Amino acid sequence: MGLVTPLGCGVEATWRNLLDGKNGARKIEDFDVSDIPCKIAARVPRGDGSDGTYNPDQWMEPKEQRKVDEFIVYAMAAAEQALDDADWHPTSYEDQAASGVLVGSGIGGLYGIEQAAIILKEKGARRVSPFFIPGRLINLASGYISIRHGLKGPNHAVVTACSTGAHAIGDASRLIALGDADVMVAGGAEASVCRIAMAGFSACRALSTGFNDEPERASRPYDRDRDGFVMGEGAGIVVLEEYEHAKARGAKIYAEIIGYGLSGDAYHITAPSEDGDGAYRCMKAAMTRAGIDPSDIDYVNAHGTSTPLGDEIELGALTRLFGNAVGKLSMSSTKSAIGHLLGAAGAVEAVFCALAIRDNVAPPTLNLDNPSVTTEIDLVPHKAREREINVALSNSFGFGGTNASLVMRRVD
Amino acid sequence: MSDIAERVKKIVVEHLGVEPEKVTENASFIDDLGADSLDTVELVMAFEEEFGVEIPDDAAETILTVGDAVRFLEKNTE
């Protein structure tokens with residue numbers, strides 16, 4: 001597994017900070033936000049690469065970085081971590097052909113598009129770089145990863161807004177189940193904290209605007225004072241492997257993907273369906289596929305973006321689906337700590353679910369001072385909770401009414 | 001080395017990420033300096049920007065080495 005998040009570069013660095021209740025939200029200081037209502041975001045901590053900081057030069061040569069948007073560099077960083085962690089570096093033609101990549105992004109190279117548009121207007125078409133297109137295309141994350149690591153199996157990309165990361169992992173697991181590959185490098189990457197994205201999401205009234213002076217309090221899922229999400233950035237990538245293939249080579253196994261469900265709201269371009277029907281059917285489909293009941297699930301990593309509408313709709317759908325099983329459930333939104341990583345969110349949160357299973361601990365929901373609804377579900381306010389976690393579910397819902405749920409379990 | 005040659009060399013080093021000593025007059029962008037076809041398009045754009053000239057596509061196709069670029073720019077800049 002590999003992570004680049006606002007809580008650090010690296011799986012263990014991020015996880016340690018997450019369990020410690022650290023928060024990645026900061027004031028935006030590197031570009032002008034004077035005319036944008038939301039002035040905060042959760043940024044990847046840059047540095048020399050030590051102490052969990054992110055140093056792009058460790059993951060991609062500077063001359064290559066110049067050609068691509070940052071989401072591709074984040075993807076390269078997370079993919080290399082994941083492949084090293086899995087100790088999968090195929091060299092034979094057969095192994096390479098059986099190893100694919102499915103890494104998506106919600107938006108792709110928005111910053112580069114913004115910059116190229118300015119060049120086009122100010123200097124004309126002859127100054128638009130030949131790397132403009134290949135450095136912005138979403139599937140070029142998968143492309144670069146395959147070229148670097150010699151992965152010649154299926155090369156694919158998902159683009160489903162905030163469900164991207166979960167869909168990527170789910171679809172990749174299906175490709176393995178169908179025999180198209182033995183190993184898939186899967187996940188999502190996003191790096192769209194830039195003026196044009198902040199302006200656009202602000203116009204959608206999706207971002208928090210009431211905590212510009214206290215960024216760490218802004219992302220507060222289920223809390224009565226929540227007022228929108230905090231934009232995050234980064235990447236989450238996992239190495240998925242056919243079970244017997246992994247066993248045979250003695251690979252490290254964090255968890256097994258046992259269920260994947262998809263649904264569409266068919267309701268509104270940005271708002272979730274009010275009755276939570278899309279979320280309900282999505283979770284139910286994943287559980288049916290896994291062959292488990294709600295009572296088998298110990299931990300849910302919620303979509304929980306901290307928007308006024310979405311959090312309660314998800315909670316309502318889950319309560320309806322789980323019935324009496326809600327009493328033993330812990331559910332948290334880690335977006336309270338890292339913000340909303342859009343196309344990377346579902347993948348990063350799948351990694352958190354695998355770690356929750358590994359360590360038997362539910363990461364916290366920060367800033368949950370006054371829940372806006374009463375529920376029997378343990379929403380893990382403020383502090384991580386040590387408890388038995390054998391099966392975890394992760395939800396992702398995206399603009400367009402696109403939903404994905406993943407179920408994973410401990411492997412003995 | 002002329003001023004133009006120095007500026008060309010700097011651009012090549014920057015864009016292709018190569019050691020300065022490899023950027024000799026006879027060095028081919030593609031064969032010796034690791035450029036691909038897209039790199040050469042970008043190099044030509046960088047020369048245009050730096051020297052304020054327009055390099056038409058048919059001329060750009062003849063610029064294969066560092067020396068080709070320097071000679072073209074010496075001839076076409078004041």
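The structure under discussion appears in the preceding block.
Please read these numbers as outputs of a predicted model, since none were measured by experiment.

Here we look at the pattern of salt bridges
Next, step 1: Under the criterion given, the structure shown has 38 salt bridges over all chains.
Next, step 2: Between Glu70(A) and Arg46(A) there is a salt bridge, with its nearest N and O atoms 2.9 Å apart. Of this pair, Glu70(A) sits in helix H3 (residues 70-86) while Arg46(A) sits in the loop between strand S4 (40-42) and helix H2 (62-65), and the two are 24 residues apart along the sequence.
Next, step 3: Its salt-bridge partner being Arg66(A), residue Glu42(B) comes within 3.5 Å of it at the nearest N-O pair. Of this pair, Glu42(B) sits in helix H2 (residues 37-51) while Arg66(A) is found in the loop between H2 and H3, placing the two residues in two different chains.
Next, step 4: Taking the relative accessible area as the measure of exposure, Arg66(A) reaches 40% and is therefore partly exposed.
Next, step 5: It is possible to trace a salt-bridge network through shared partners that takes in Lys123(A), Arg126(A), Arg127(A), Glu48(B) and Glu49(B).

A few points about the sheet that holds strand S8 (residues 234-241) of chain A
Residue and element names in this part refer to chain A.
Next, step 1: If you walk across this open sheet you meet the six strands as S2-S1-S8-S7-S5-S6, and the pairing is mixed. Looking at the sheet topology across the chains shown, the edges are occupied by strand S2 (8-9) and strand S6 (155-156).
Next, step 2: Note: strand S5 (residues 99-104) against S6, two bridges, orientation parallel. From the neighbouring strand, Leu102 faces S6, where its bridge partner is His156.
Next, step 3: Strands in contact with H3 are strand S1 (2-5), S2, S5, strand S7 (183-190) and S8; relative to S8, the strand with the most contacts, it is inclined by about 35 degrees.

With respect to the packing of helix H1 (residues 11-19) of chain A against helix H13 (residues 345-359) of chain A
All names here are of chain A.
Next, step 1: Relative to each other, H1 and H13 sit at 75 degrees, their axes nearing to 12 Å. Judged by the angle between their axes, H1 and H13 are roughly perpendicular. Side by side, H1 and H13 meet where Val11, Glu12, Thr14, Trp15 and Leu18 of the first sit next to Phe352, Leu355, Ala356, Arg358 and Asp359 of the second.
Next, step 2: Here the contact of H1 with H13 is composed, by residue class, of six nonpolar, one polar and three charged.

Thoughts on the interface of chain B and chain A
Next, step 1: Chain B puts 16 residues into the contact, and the matching count from chain A is eleven residues.
Next, step 2: For the pair chain B and chain A, the summed buried area comes to about 1100 Å², and 44% of that belongs to carbon and sulfur atoms.
Next, step 3: Summed over the shared surface of chain B and chain A, the number is six salt bridges.
Next, step 4: Salt-bridge contacts for Glu48(B) lead to Arg127(A); the nearest nitrogen and oxygen are separated by 3.0 Å.
Next, step 5: Put simply, chain B and chain A have nine residue pairs in polar contact (both at pLDDT 80 or more) between them.
Next, step 6: Counting only elements with at least two residues in the side of chain B that touches chain A, the list comes to helix H1 (3-16) and H2 of chain B.
Next, step 7: For the side of chain B that touches chain A, the element with the most residues is H2(B), which contributes seven residues.
Next, step 8: A class-by-class count of the residues in the side of chain B that touches chain A yields six nonpolar, three polar and seven charged.

Rules used throughout
- Residues numbered from 1 in each chain as written.
- Chains lettered and ligands numbered in written order.
- Predicted model: local features only at pLDDT ≥ 70, side-chain atom pairs only at ≥ 80, totals over all residues.
- Heavy atoms only, no water.
- Salt bridge = Lys/Arg side-chain N within 4 Å of Asp/Glu carboxyl O.
- Helix = DSSP H or I, 4+ residues; strand = E, 2+ residues; numbered from the N terminus.
- Buried < 20%, exposed > 50% of the residue type's maximum accessible area, 1.4 Å probe, protein only.
- Pairing = 2+ DSSP bridges.
- Contact = heavy atoms within 4.5 Å.
- Axes fitted to C-alpha atoms, helices over the stretch in contact; angles between N-to-C directions.
- Parallel < 35°, antiparallel > 145°, perpendicular 65-115°, else oblique.
- Nonpolar A, V, L, I, M, F, W, Y, C, P; charged D, E, K, R; others polar.
- Buried area = accessible area lost by both parts, 1.4 Å probe.
- Polar contact = N/O pair within 3.5 Å; in protein donor to acceptor, adjacent residues only side chain to side chain.

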